[in-house]
Amino acid sequence: MDDLEKAVLISFDEMGTVDSALKSQAVAFCQQMKESPTVGRVCIEKLVFCKLVQVQFWCLQTVQEVISGRYSLLSLEEKDFFRKSVFSLCGFDGVDDENAARFLDGPAFIKNKLAQVLVTLIYFEYPLVWSSVFVDLLPQLSKGARVIDMFCRVLNALDDELISLDYTRTADEMVVATRVKDAMRQQCIGQIVRVWYDIVCMYRNTDQELCSGVLDTMRRYISWIDIGLVMNDIFMPLLFELILVDGGSEQLRGAACSCVLAVVSKRMEPQPKLNILQGIQIERVFGLVTGDSDSELVSKAAALITGFAVEVLDCNRRVSTEDAKRVSTDLLNEVLPSVFYVMQNCEVDATFSIVQFLSGYVTTMKSLSPLTEKQLLHVRQILEVIRSQIRYDPAYRGNLDTLDKIGREEEDRMVEFRKDLFVLLCNVGRVAPEVTQVFIRNALNSAVASSSDVNVEEVEAALSLLHAIRESLSDESIRNGSGLLSELVPMLISTRFPCHSSRLVALMYLETITRYMKFVMENTQYIPMVLTAFLDDRGIHHQNLHVSRRASYLFMRVVKLLKAKLVPFIEKILQSLQDTVSHFTSMDFTSNQCSGAEDGSHIFEAIGILIGMEDVPLEKQSEYLASLLTPLCRQIEVLLMNAKILNPEESPAKVANIQQIIMAINALSKGFSERLVNASRPSIGLMFKQTLDALLQILIAFPKIEPLRSKVTSFIHRMIDTLGASVFPYLPKALEQLLAESETKEMVGLLVLLNQLICKFNTSVHGILEEIFPAIAGRIFTVIPRNGFPSGPGTNTEEMRELQELQKTLYTFLHVIATHGLSSIFLSTKSRAYLEPMMQLLLYTACHHKDTVVRKACVQIFIRLIKDWSVGPYGGEEKVPGFQCFVIEVFATNCCLYSVLDKSFDFRDANTLVLFGEIVMAQTIMYEKFGNEFLFHFVSKSFQSAHCPQDLAEQYCQKLQAADIKAFRSFYQSLIENLRGQQNGNLVFR
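Please read all numbers here as calculations on a predicted model, not as lab measurements.

Caption draft 1: Spotlight on helix α37 (residues 731-740). For α37, the full list of buried residues reads L731, A734, L735, L738 and L739. Take α37 and look down its axis: the buried residues cluster within an arc of 125°, on one side only. For α37, the secondary structure elements touched by its buried residues are α35 (682-701), α36 (706-723), α38 (744-761) and α39 (766-781).

Here you go:
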């Protein structure tokens with residue numbers, strides 16, 4: 001063993017037995033050898049004499065790299081040497097049969113690598129240099145099975161490395177592939193196909209594995225060779241004989257199926273394709289799919305049947321003559337029963353999409369009316385396939401009930417998987433509505449007849465069909481109970497399934513009832529049945545918490561829909577929910593019972609909607625509301641009294657309890673309108689005011705607990721909408737407490753609350769706002785940078801993101817103040833100190849903020865302030881000393897000129913164009929308010945600094961004074977683009 005052989009063995013070590021330093025040396029030595037100009041010849045000599053497979057593989061890999069990487073540098077003698085040596089090693093030359101035999105008897109990976117080396121030579125040399133390579137190969141096949149096997153490996157490698165479109169190819173590789181295929185078609189492919197036929201005939205009884213390999217190779221080539229070479233009276237009978245013979249190897253029969261599928265799938269014009277499909281006589285293989293579904297033959301036969309069906313359907317869409325349409329339809333009708341069987345009983349080939357095929361078939365039916373009996377039968381079979389496909393696997397039943405990690409993953413997978421199937425269902429429902437509804441009714445009947453919970457998945461699937469088909473039905477048809485709906489919906493509402501304890505069944509049952517509520521709205525006699533379904537152990541009282549929570553939400557939606565129709569049932573509903581309401585406010589909320597959005601407050605929202613209607617008598621309304629608010633407020637009082645003596649272990653649970661109570665009251669109040677609580681029934685409004693007063697105490701008792709402050713803030717939002725202006729007396733105290741301990745995140749919430757107040761009450765909140773604005777400004781302007789936020793590594797922190805959110809909300813707050821007639825707030829004695837930093841921040845943002853929407857808001861604030869604080873062009877005492885000077889000299893120059901001259905101001909962007917419109921508007925307002933003073937400074941100073949030509953400056957004055965805003969905007973944009981061109985990108989504006 002020489003040094004190279006030792007180095008290769010060491011470098012191939014995967015056991016970790018070799019010292020890493022020694023292995024590195026060995027790898028380096030091998031790499032050094034590869035760079036030698038004579039390494040190719042060395043490797044060929046090693047291949048002749050060395051029996052170590054690691055060395056053989058390394059040498060073959062190196063020879064391949066030499067040929068592919070240095071081919072243009074090799075001499076004619078070297079190329080000829082490689083050609084003869086590789087050909088000989090493959091067994092295709094009698095020079096040294098002993099060496100060839102060693103390779104042909106070697107492991108598969110060595111033979112495959114040897115085939116790749118020969119294909120690399122073919123890549124460079126066929127047909128221009130080595131035109132006889134395939135012709136030279138064919139006579140050698142008489143040497144027996146080992147040479148035939150090597151021949152197949154070469155053809156497979158040629159397909160893998162060059163021809164097959166299953167792999168991404170470069171443009172050069174595509175050119176070479178075309179050259180090779182064209183030459184083979186012209187020179188030898190007919191001979192090769194004949195050899196394939198002869199080999200299969202010769203070895204079919206003695207070496208079926210070899211025949212399978214030959215057919216697998218042939219399958220690869222059928223897509224691009226002349227179809228007549230295979231689709232003829234010689235080869236096709238042989239293939240079907242192999243497929244249909246009893247007792248033959250499954251591998252060989254399956255390989256023959258794959259060859260027929262390749263013939264069927266070959267791309268061609270529809271009419272010739274249809275002729276081929278007719279000639280296949282596919283019915284001969286229908287019986288093969290009824291065997292063991294796990295067998296290779298069944299799998300291959302199933303792929304052939306589904307592939308045939310896809311091609312027939314494609315022909316049916318593409319042919320134009322009536323005769324061709326009839327033939328393709330007949331073929332489709334013939335194959336479809338077997339396709340449906342395959343879909344339900346076999347493992348479908350990965351390349352076949354059940355939904356895509358069935359959707360295509362259903363599409364062909366849309367233009368047919370009425371459907372034939374056979375087509376209606378196919379519709380029923382499609383529905384059966386859909387039902388079988390959407391069924392959950394019973395193996396996951398326990399996981400789906402407890403909704404553990406496995407259950408969640410399976411549910412998510414099925415939700416995604418079902419989407420296309422439900423779209424298909426709806427399409428079927430539109431094509432054949434009556435058949436579809438009958439099928440769903442029968443599925444439900446079958447589910448109802450089930451005497452135990454063994455059919456959980458069947459029941460859930462039947463309900464899912466009814467739930468999904470709703471998408472294909474109009475609201476009108478639901479209300480009228482068209483078709484079988486007048487039977488299906490009452491049947492659904494009144495049914496108690498044997499497996500209702502299942503989470504999946506219970507959820508789908510409730511979701512489906514909710515989807516068909518428009519029917520109940522028109523048929524009010526079913527309301528008691530709906531209420532019973534939601535209020536008993538099928539819904540809100542279900543044993544599974546996931547179901548009861550979801551039922552609460554869906555019940556709230558049902559109540560919103562039915563509203564006044566439920567007034568006669570309020571007593572019954574409240575009685576049924578009594579235990580749920582008390583349970584909700586006394587649970588241990590430190591557990592994970594209430595995680596997620598459906599936190600139980602939906603039940604209070606439903607109750608609020610019910611008792612908040614004016615149809616409910618005042619006495620009853622007061623009684624109902626008091627029975628809910630009084631115990632909830634009492635709990636708050638008790639918890640607040642004990643707040644100071646809580647130990648650390650108790651505190652989280654109590655805080656969670658308070659949170660839940662606030663959410664319950666908040667949800668309850670949603671059902672009461674502002675008109676009812678303030679005008680028609682003020683006694684109800686008084687109850688909510690007392691509740692608000694009680695909840696505001698939470699801010700005093702727990703001043704630093706953010707979740708509680710957030711929930712109270714949310715309730716104040718609700719009370720602003722519900723109580724209207726009568727909430728004013730409570731606001732100073734509330735706002736003071738919210739401001740006292742507020743962090744950055746909470747300050748955002750406070751600003752949002754103030755925005756709501758301003759938008760609802762306008763100037764009525766002037767006094768409240770004037771009092772609180774200085775404190776807000778003082779807090780915010782100390783934490784927000786005036787000249788933008790830093791960027792770069794380490795700046796994208798949670799704290800920085802919160803400050804950015806606060807800044808954005810501040811701009812909205814200032815915008816709301818300015819645009820609601822409250823700009824005088826900024827000029828109050830206490831607020832004056834913050835006027836200068838506010839103006840500087842607004843200016844910087846209007847010019848430089850990366851969000852053009854924020855920039856637009858800041859420009860709009862300036863426009864509003866100019867309108868409010870300017871005395872007009874004819875003089876008078878300034879309302880805000882220095883403001884006019886600031887606007888003309890600083891704002892106009894920097895925002896209206898310099899910022900738009902910057903190349904980053906992109907006129908192709910829609911939002912930027914809107915911002916530009918506001919900047920143009922600002923100039924017209926400044927001219928209107930400041931007159932020639934603005935015009936003089938802007939033209940003589942600002943334009944001059946931007947090197948604006950005199951004629952353009954004069955045109956600017958004319959356009960602005962003409963008061964045609966549209967013409968002025970168009971001119972100003974062209975002016976800016978003109979100035980940009982003059983700057984040539986050299987002037988940086990500040």
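Caption draft 2: Structural detail: the nonpolar core. Of all hydrophobic cores here, the largest spans 351 residues; its most connected members are M184, F555, I611, Y956 and Y972. Leave out the neighbours within four places in its chain, and Y956 touches Q923, F934, L935, F938, V939, F943, F968, F971, Y972 and L975.

Caption draft 3: Layout of the pattern of salt bridges. Throughout the structure, instances matching the rule amount to 51 salt bridges. Taking the shortest distance from any N to any O, the salt bridge between R413 and E410 comes out at 3.0 Å. A residue pair is termed a helical-turn pair when its members lie 3 or 4 positions apart in one helix, as R413 and E410 do in helix α21 (residues 405-431) at three residues. Taking the relative accessible area as the measure of exposure, R413 reaches 44% and is therefore partly exposed. What makes E410 buried here is its relative accessible area of 6%.

Caption draft 4: Looking closely at helix α5 (residues 76-89). Over its 14 residues, α5 runs 20 Å from end to end, which matches the ideal 20 Å to within 8%, given 1.5 Å per residue. All of the buried residues in α5 are K79, F82, R83, S85, V86, F87, S88 and L89.

Caption draft 5: Molecular detail of unusual backbone geometry. Of note, the bond from Y126 into P127 is cis; its omega dihedral lies within 30 degrees of zero at 0°. As for its placement among the helices and strands, P127 is situated in the loop between α7 (108-125) and α8 (133-137). Non-glycine residue L403 carries a positive phi angle of around 55°. Considering the arrangement of structural elements, one finds L403 in the loop between α20 (397-402) and α21.

Caption draft 6: Molecular detail of the packing of aromatic side chains. Overall, the coordinates contain 32 aromatic pairs when judged by the stated rule. Taken together, the ring pairs in this structure connect F905, F907, F916, F934, F938, F943, Y956, F968 and Y972 into an aromatic cluster. Across from the ring centre of F81, 4.1 Å away, lies the NZ or CZ of R41, which sits over that ring.

Caption draft 7: Region of the structure containing the UniProt feature "domain: Exportin-1/Importin-beta-like" (unreviewed entry) in the protein. UniProt records the feature "domain: Exportin-1/Importin-beta-like" (unreviewed entry) at residues 107-260, using the numbering of this structure. Helix makes up 71% of residues 107-260 and strand 0%. Its end C-alpha atoms lie 31 Å apart.

Caption draft 8: Broad picture of the environment of A967. Secondary-structure assignment places A967 in helix α47 (residues 965-983). Note: C-alpha distance between A967 and N755 (212 residues apart in sequence) is 36 Å.

Caption draft 9: Seen up close, the environment of F773. Positionally, F773 belongs in helix α39. Placed 58 residues apart in sequence, F773 and S831 show a C-alpha to C-alpha distance of 7.0 Å. Beyond its immediate stretch of four places on either side in the chain, F773 contacts F813, L814, I817, I825, F826, S831 and M838.

Caption draft 10: Just the packing of helix α15 (residues 270-280) against helix α17 (residues 322-345), in detail. Running from amino to carboxyl end, α15 crosses α17 at an angle of 40°, the nearest separation of the two axes being 11 Å. The angle between α15 and α17 falls in the class oblique. As α15 packs across α17, the resulting crossing turns out to be left-handed. For the pair formed by α15 and α17, the contact residues are Q271, L274, L277 and Q278 on the first element and A324, V327, S328 and L331 on the second. In terms of residue class, the contact of α15 with α17 is built from five nonpolar, three polar and no charged.

Cut-offs used in this document
- Residues numbered from 1 in each chain as written.
- Predicted model: local features only at pLDDT ≥ 70, side-chain atom pairs only at ≥ 80, totals over all residues.
- Heavy atoms only, no water.
- Buried < 20%, exposed > 50% of the residue type's maximum accessible area, 1.4 Å probe, protein only.
- Helix = DSSP H or I, 4+ residues; strand = E, 2+ residues; numbered from the N terminus.
- Arc of directions from axis to C-beta.
- Contact = heavy atoms within 4.5 Å.
- Core = buried A, V, L, I, M, F, W, Y, C linked by side-chain atoms within 4.5 Å.
- Salt bridge = Lys/Arg side-chain N within 4 Å of Asp/Glu carboxyl O.
- Expected span 1.5 Å × (residues − 1).
- Phe/Tyr/Trp six-rings, centres within 6.5 Å; stacked < 30°, edge-to-face > 60°.
- Lys NZ or Arg CZ within 6 Å of the ring centre and 35° of its normal.
- UniProt positions renumbered as here; feature names shortened; annotations may be inferred.
- Axes fitted to C-alpha atoms, helices over the stretch in contact; angles between N-to-C directions.
- Parallel < 35°, antiparallel > 145°, perpendicular 65-115°, else oblique.
- Left-handed = near helix turned anticlockwise from the far one by under 90°.
- Nonpolar A, V, L, I, M, F, W, Y, C, P; charged D, E, K, R; others polar.

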